[in-house]
Amino acid sequence: MGNLLICLLGVTLLLTACATPSVATPTPVPATDTPPAPTLAASSVPPTITLAPSTATAVPPTTTDRPVATPLPPLDISGDGVIVFYSERDGNSEIYAMNADGTGLRRLTNDPAEDDSPAISPDGSRIVFLTSRHDPAPKFPFFKYEIYVMDIDGANQQRLTTTDAGENHPAWSPDGKKIVFDADYDGDGKSEIYTTNADGTGVTRLTTNEANDQFADWSPDGAHIAFSSERDGQWDIYVMDADGHNQRPLTKDPGWEMFPAWSPDGAQIAFFACDAQCRPKRQDIYVMNADGSQVQPLTNIPSVVDEDPAWSPDGKQLVFQSDRDGNFEIYAMALDGSNQRRLTNYGGGDFWPSWGQAESGQIVTFSLEQSDQKFDVSGTFQAGLGDLDGDGDLDAVLANPQTNNSQVWLNDSGLQKGTPGHFTNTGQQLTPYGHGVGVADFDHDGDLDAFIACHFFTNPSRVYLNDGQGNMQVTNQDLGDAKISGAELNLVDLNGDGHVDVHVMYYDPNGLPDKVYLNDGKAHFTDSGLALDEETIAWGDVDGDGDVDYFGKREGKGYAVMLNNGNGQFTAGWQMDDTQATNGGIALNDFDGDGDLDALVANGFRTGGSYPALVLWNDGQGQFTDSGQRLNKTMGAEFGVGDLDADGDLDVFVSNFDLPNEVWLNDGTGHFSDSGLRLGANTDASTKPSLGDLDGDGDLDVFVGSLMRKPQIWINTAKK
């Protein structure tokens, strides 16, 4: 909770970071039947259990068992569900969710304040968490937290507490009707255990001591509550009835035992233990029977902090946080301490996991798996996707560079009655030196044609007309660009006449203007006369006036918007200086869902350096402001945009030339998080990605070109 792990580094910080400053008594009043502070007479206390030393016979992994870094192998889990946690990867604490194997990462909260300490409700429908967003003077570690709840997908965030004090460590009752937490409501500087109804009413005090009682967790039958208390001079695990009576210790040790977590079957309690004041070395996870017997260590790596255990829904795994790899990440392990595996891998720090069974239909399981598709060409810059043969599935025109002929591949579903998402080469040999490709009905005859731009100063751009069955016939047009090198192309209706025009991006070491070719509606193209000098261009109606504008990048200088006057002529609009502007793609899309086009900009390529990607917000009039997001660094990146995780917003597939490909997931407000997927190798020289439902299952798959390898198809496994 607000970097709660720091509480474990010493007694001084524990008493500050885990407790809130003394304040006036808040509105909630303890119930009149609050039990008195218990008197632990010797006759009423069960035999205490001294924690086994770290050399116990149940030997956890040694330092040689530390998990391997990215790429992460799948965790062999016996249960599914979702794990929520908080992370500082975006500069402050936000709540994230992921699948139980570490895939499908998504951010659930997005607030400048600190959001942390999430816990999933027993039915998997909601998350309770802490936030400092109402703290008038937030300062670590004295955040004044309030308790919030939200849906499992981050929607419907609601405030439960409104007090002058701060609350900590919320946890659900097994029926989901109550929440237990700790707070210093009486202003004595010590936290006590409270419960509240799930709607924030009926606050009831359970403990009354001159010491801290914190970190409570409900037994699965609802009859008991385990918690940590320092009433005997050190932190021990206690248990009490759910109404606060019969408080008794389960551990009695000179060290500290905290953060009890009850197993789903109620038979065991996992917890964190360390030497007194958590010095010098032992900071590990233990498990014991619910009566305090048979204490066993599960982790034992000297000078490493393993803490905050939480159970899998089936009770066969534990998830926890560990700094064994230099910063805190989320790990999972089997109940005997074996198979310790890292689930997250990010430098910002990931904390406080909660593992729950997601409510049916709420959490999307998302990943991309490489297809077993085999291509007989080495090197494809881009695939133009479309239903070429009119049978209802997506086929592909491959723009193949160098002396390789470009090709037409038909999807095996539909008329072919084969495997959806598997492609067969038609044998057609289109132009060599293919680079950019666009597929559209250029001649308005009801089928999809193809335009291929050619590189290497050898061949002109080629226009192919479809006979309706996927057979492409080259036209005799000569666009006069045989002696210049085409790099990419964009399809755009420049002058608003309803015909698809083509913008060809040309390359020359000394610079070369791009051209836009106007379509007469019969697939005959003429030079518009435009000479566009930006190195990278993305098209879209950025000012909302109904015509197409463009957002351009000038390397080493910055970015500029050029506004269409309605007739295909342009006037300079918004500009932004950026000396780090270099090679990399631009995507114009409505990322934040407000009805206008925002900009995602990549900068990075080899000698030009590699810089974090930028997200720029549009005000609807074509004026852009920096969102402040700094996404991953890229290397010759191109973007493919679409709703990859089926949650209703636009995500991004990032193809990197000299790095593995990535997927960035949108939280619905235009803020992106790294999904953790690393697809392909940094030697693939990946090029333009194309998104489409290749296998007909209703989600977006990805076709990725490569200059050094055969092209790849990544099949989407997103499902609810």
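To be clear, the structure that these remarks concern was listed above.
Below you will find a few notes about this structure. (Residues numbered from 1 in each chain as written. Predicted model: local features only at pLDDT ≥ 70, side-chain atom pairs only at ≥ 80, totals over all residues. Heavy atoms only, no water.)

### Focus: the sheet that holds strand E49 (residues 672–674)
In step 1: Strand order in the open sheet formed by four strands is E46-E47-E48-E49, and the pairing between neighbours is antiparallel. With partners counted over all chains shown, the strands left at the sheet margins are strand E46 (638–642) and E49, one partner each. Averaged over all adjacent pairs, the angle separating strand axes in this sheet is 25°, with direction ignored. (Pairing = 2+ DSSP bridges. Helix = DSSP H or I, 4+ residues; strand = E, 2+ residues; numbered from the N terminus. Axes fitted to C-alpha atoms, helices over the stretch in contact; angles between N-to-C directions.)

### Observations regarding the environment of Arg 107
In step 1: Here Arg 107 lies in strand E3 (residues 106–107).
In step 2: Look at Arg 107 and you get buried, because its relative accessible area is 7%.
In step 3: When the C-alpha atoms of Arg 107 and Phe 672 are compared, they prove to be 7.8 Å apart, with 565 residues separating the residues in sequence. (Buried < 20%, exposed > 50% of the residue type's maximum accessible area, 1.4 Å probe, protein only.)

### Things to note about the sheet that holds strand E34 (residues 485–492)
In step 1: Across the sheet, four strands lie side by side as E34-E35-E36-E37; this open sheet has antiparallel pairing. At either end of the open sheet lies a strand with only one pairing partner, and these are E34 and strand E37 (525–527). Pairs of neighbouring strands in the sheet enclose a mean axial angle of 30°, with direction left out of account.
In step 2: As paired strands, E34 and strand E35 (residues 501–507) are joined by seven bridges and run antiparallel to one another. Paired with Leu 491 across the two strands is Val 502, which belongs to E35.

### So, the environment of Gly 558
In step 1: Within the secondary structure layout, Gly 558 lies in strand E40 (residues 558–564).
In step 2: Overall, the relative accessible area of 3% leaves Gly 558 in the buried class.
In step 3: The sequence separation of Gly 558 and Asp 578 amounts to 20 residues, and the corresponding C-alpha distance is 4.2 Å.
In step 4: With sequence-adjacent residues up to four places away left out, Gly 558 is seen in contact with Gly 552, Lys 553, Met 576, Asp 577, Asp 578 and Ala 581. (Contact = heavy atoms within 4.5 Å.)

### Notes on the packing of aromatic side chains
In step 1: In the structure shown here, the tally under the stated rule is 31 aromatic pairs.
In step 2: Pairing Phe 375 with Trp 409 gives two aromatic rings, centres 4.8 Å apart and planes at 65°, and the pair type is edge-to-face. In this pair, Phe 375 sits in the loop between strand E25 (368–370) and strand E26 (382–386) while Trp 409 sits in strand E28 (residues 407–411), placing the two residues 34 residues apart along the sequence. Across this residue pair, the class does not change: Phe 375 and Trp 409 are buried.
In step 3: Following the ring pairs from residue to residue traces out a cluster consisting of Phe 215, Trp 235, Phe 259, Phe 272 and Trp 352.
In step 4: Note that Arg 89 overlies the ring of Tyr 96, its terminal NZ or CZ placed 5.3 Å from the centroid.
In step 5: Over the face of the ring belonging to Tyr 331 we find Arg 324, whose NZ or CZ atom lies 4.8 Å from the ring centre. (Phe/Tyr/Trp six-rings, centres within 6.5 Å; stacked < 30°, edge-to-face > 60°. Lys NZ or Arg CZ within 6 Å of the ring centre and 35° of its normal.)

### Considerations on the nonpolar core
In step 1: In terms of nonpolar packing, the biggest core is built from 24 residues, with Leu 108, Ile 127 and Met 258 touching the most fellow members.
In step 2: Sorting the residues of this core by element identifies strand E1 (82–87), strand E2 (94–99), strand E5 (126–131), strand E6 (146–151), strand E16 (256–262), strand E17 (268–274) and strand E24 (350–356) as the ones contributing at least two each.
In step 3: Counting 17 residues, the second largest nonpolar core, distinct from the first, contains Val 149, Ala 165, Phe 181 and Tyr 185. (Core = buried A, V, L, I, M, F, W, Y, C linked by side-chain atoms within 4.5 Å.)

### So, the pattern of salt bridges
Pairing of side chains with opposite charge becomes possible as their charged atoms draw close.
In step 1: This structure, assessed with the given rule, holds 24 salt bridges.
In step 2: In this structure, the salt-bridge partner of Asp 350 is Arg 89, at a minimum N-O distance of 2.7 Å. Of this pair, Asp 350 sits in strand E24 while Arg 89 sits in the loop between E1 and E2; the two residues are 261 residues apart in sequence, bridging distant segments of the chain. Each member of the pair, Asp 350 together with Arg 89, is buried.
In step 3: Among the ionic pairs, Arg 106 bridges to Asp 647, the shortest N-O distance being 3.6 Å. Here the residue Arg 106 occupies a position in strand E3, and Asp 647 occupies one in the loop between E46 and strand E47 (651–655), the gap between them amounting to 541 residues.
In step 4: You can call Asp 647 partly exposed: its relative accessible area is 31%. (Salt bridge = Lys/Arg side-chain N within 4 Å of Asp/Glu carboxyl O.)

### Quick word on the side chain of Arg 342
In step 1: On the secondary structure map, Arg 342 appears in strand E23 (residues 341–342).
In step 2: Polar side-chain contacts of Arg 342 include one of 3.3 Å to the side chain of Asp 325.
In step 3: At a separation of 3.5 Å, a polar atom in the side chain of Arg 342 contacts the main-chain carbonyl oxygen of Thr 344. (Polar contact = N/O pair within 3.5 Å; in protein donor to acceptor, adjacent residues only side chain to side chain.)

### A look at the pairing of strand E48 (residues 662–666)
In step 1: Among the five residues of E48, five are classified as buried, and the element is accordingly described as predominantly covered.
In step 2: Residues of E48 alternate between two faces, with Glu 662, Trp 664 and Asn 666 on one and Val 663 and Leu 665 on the opposite face, all of them buried.
In step 3: Here E47 hands over to E48 after six residues, the two strands then running antiparallel side by side.
In step 4: As judged from the three bridges shared by E48 and E49, these two strands associate in the antiparallel manner. Bridging across to E49, Leu 665 finds its partner in Ser 673.
In step 5: Linkage of E48 to E49, two consecutive antiparallel strands, is achieved through a turn of five residues, within which Gly 668 is found at a positive phi near 100°.

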